[in-house]
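What the coordinates show
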Amino acid sequence: MDKRMACTGYSLFLAGIALFLLSPPKAQPVFVPIFTIGGLCLLIIALFLSMKKSR
């Protein structure tokens, strides 16, 4: 589950960055921070889940 969550978080982070780079910031003011911050949060949660599993 942690691998799937990490892949989802990474994909969301890249989607947020792509939206930021491809469209003007005023066009999508809500989705860019949600995707980038949400993706990073999922990556951090997946990191903690994998650390707990390896112990």
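It should be noted that the structure appears before, not after, this text.
Below, the structure is looked at part by part. Remember, it's a predicted structure, so these values are computed and weren't measured experimentally.

The next subject is the overall build of the chain. Helices and strands together make up the secondary structure of the chain, namely two helices and zero strands. Buried positions account for 16% of the 55 residues belonging to the chain. Long-range pairs, those at least 24 residues apart, make up 61% of the contacts in the chain between residues at least 6 apart in sequence. Counting only carbon and sulfur atoms, one obtains 76% of the accessible surface of the chain, whose full area is about 4,400 Å².

Turning our eyes to something else, we now look at a nonpolar patch on the surface. Together, Ile17, Phe20, Leu21 and Leu22 line one region of the surface with nonpolar side chains, adding up to about 450 Å² of accessible area. Relative to the elements of secondary structure, Phe20 occurs in helix 1 (residues 2-22). What makes Phe20 partly exposed here is its relative accessible area of 46%.

A few words now on the environment of Gly39. Secondary-structure assignment places Gly39 in helix 2 (residues 31-54). With 27 residues separating them in the primary sequence, Gly39 and Leu12 have C-alpha atoms 4.9 Å apart. Excluding its chain neighbours within four sequence positions, the residues that come into contact with Gly39 are Gly9, Leu12, Phe13 and Ile34.

On to the environment of Ala18. Turning to its location among the elements, Ala18 is positioned in helix 1. Look at Ala18 and you get partly exposed, because its relative accessible area is 31%. Spatially, the C-alpha atoms of Ala18 and Val32 are 8.7 Å apart, while their sequence positions differ by 14 residues.

Attention now goes to the side chain of Thr36. Within the secondary structure layout, Thr36 lies in helix 2. Residues contacting Thr36, with those up to four places away along its chain left out, are Leu12, Phe13, Gly16 and Ile17.

Parameters at a glance
Residues numbered from 1 in each chain as written. Predicted model: local features only at pLDDT ≥ 70, side-chain atom pairs only at ≥ 80, totals over all residues. Heavy atoms only, no water. Helix = DSSP H or I, 4+ residues; strand = E, 2+ residues; numbered from the N terminus. Buried < 20%, exposed > 50% of the residue type's maximum accessible area, 1.4 Å probe, protein only. Contact = heavy atoms within 4.5 Å. Areas by Shrake-Rupley, 256 points an atom, 1.4 Å probe, with all protein chains shown as cover. Patch = residues over 30% accessible without salt bridge, like charges linked within 9 Å, V, L, I, M, F, W, Y side chains within 5 Å. Salt bridge = Lys/Arg side-chain N within 4 Å of Asp/Glu carboxyl O.

Remember that the coordinates give geometry; whether it matters functionally is a separate question.
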